[in-house]
Amino acid sequence: MLNFKIIKMNKSHVDTVFELENNCFSVPWSKKSLKEELEKDNAHFLVAVNETGNVLGYVGFNYVCDEGYITNVAVFPQYRRCGIAKKLLNSIIDFGYENNLKFISLEVRPSNIFAISLYRSLKFLKVGTRKDFYLDPRENAIIMTRYLK
């Protein structure tokens, strides 16, 4: 059993999250963008860390009024299937309830069957698609939403 906890992301985590972005995504966020997100009042970024403080995964989240949007969820490959992404997402869902959000949405590649399965297990529903949303490789996005009210 992997021991980890979820904490608020801060600037000390940016280098590792940037490494994670490059490991997981064909079009990763820059360090500058990650740092800028941490300064936004409407951003809520969390990291999963082990007992020595090493980042295992992260989730990015923005909200406006009563709407929430998950920007990215990523876990280092060697720590996948350990419940990290699920705990990160549940932390965001809890935040949504605490802040009276109506829903939380995200986009996911149709080819990412493991992520889709995880989102469905957390009561996210397919509500639409975005044509050619992803680049490299080009792919549509499935829009999934978890309604909180």
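From a predicted model like this one, the values you see are computed outputs, not experimental measurements.

Draft legend 1. Representation of the packing of aromatic side chains. All told, the structure shown has eight aromatic pairs when counted by the stated rule. Measuring from ring centre to ring centre gives 5.9 Å for Tyr119 and Phe124, while their planes differ by 55°; the resulting arrangement is tilted. Across the pair, Phe124 and Tyr119 agree in class, each one buried. Among the aromatic residues, those joined into a cluster by ring pairs are Trp29, Phe45 and Tyr58. Geometry around Phe4 places Lys87 over its ring, the cationic atom sitting 5.2 Å from the centre.

Draft legend 2. Up close: the environment of Gly83. Tracing the chain through its elements places Gly83 in the loop between strand S4 (67–75) and helix H3 (84–98). Note: C-alpha distance between Gly83 and Phe4 (79 residues apart in sequence) is 9.8 Å.

Draft legend 3. Representation of the pairing of strand S6 (residues 125–134) in the model. As paired elements, S6 and strand S7 (residues 139–147) share six bridges and run antiparallel to each other. Of the residues in S7, the one forming a bridge with Tyr134 is Glu139. In sequence, S6 turns back onto S7 through a hairpin of four residues, with Asp136 there showing a positive phi of about 55°.

Draft legend 4. The arrangement of helix H4 (residues 113–121) in detail. Restricting attention to buried positions, one finds in H4 the residues Ala115, Ile116 and Tyr119. Buried residues of H4 fall within an arc of 100° about the axis and therefore sit on the same side. Among the exposed residues of H4, those pointing more than 90 degrees away from its buried face are Ile113, Phe114 and Arg120. In this fold, the buried residues of H4 make contact with S4, H3, strand S5 (103–108) and S7. Just downstream of H4, Lys123 is the residue with a positive phi angle, here 70°.

Draft legend 5. How the structure looks around the state of the cysteines. On inspection of all chains with the given rule, the structure shows zero disulfides. Unpaired in this structure, Cys24 has its nearest cysteine sulfur neighbour in Cys82, at a distance of 14 Å. Classification of Cys24 as partly exposed rests on a relative accessible area of 25%. Cys82 gets classed as partly exposed once you look at its relative accessible area, which sits at 36%.

Draft legend 6. Expanded view of the packing of helix H1 (residues 14–24) against helix H2 (residues 31–38). Axis separation between H1 and H2 bottoms out at 9 Å; the angle between their running directions is 125°. As summarised for this structure, H1 and H2 are arranged oblique, according to the angle between their axes. Between H1 and H2 lies a crossing whose hand is right-handed. Side by side, H1 and H2 meet where Val14, Asp15, Val17 and Phe18 of the first sit next to Lys31, Leu34, Lys35 and Leu38 of the second. Among the residues making up the contact of H1 with H2, the classes are represented as five nonpolar, no polar and three charged.

Parameters and conventions
- Residues numbered from 1 in each chain as written.
- Predicted model: local features only at pLDDT ≥ 70, side-chain atom pairs only at ≥ 80, totals over all residues.
- Heavy atoms only, no water.
- Phe/Tyr/Trp six-rings, centres within 6.5 Å; stacked < 30°, edge-to-face > 60°.
- Buried < 20%, exposed > 50% of the residue type's maximum accessible area, 1.4 Å probe, protein only.
- Lys NZ or Arg CZ within 6 Å of the ring centre and 35° of its normal.
- Helix = DSSP H or I, 4+ residues; strand = E, 2+ residues; numbered from the N terminus.
- Pairing = 2+ DSSP bridges.
- Arc of directions from axis to C-beta.
- Contact = heavy atoms within 4.5 Å.
- Disulfide = S-S within 2.5 Å.
- Axes fitted to C-alpha atoms, helices over the stretch in contact; angles between N-to-C directions.
- Parallel < 35°, antiparallel > 145°, perpendicular 65-115°, else oblique.
- Left-handed = near helix turned anticlockwise from the far one by under 90°.
- Nonpolar A, V, L, I, M, F, W, Y, C, P; charged D, E, K, R; others polar.

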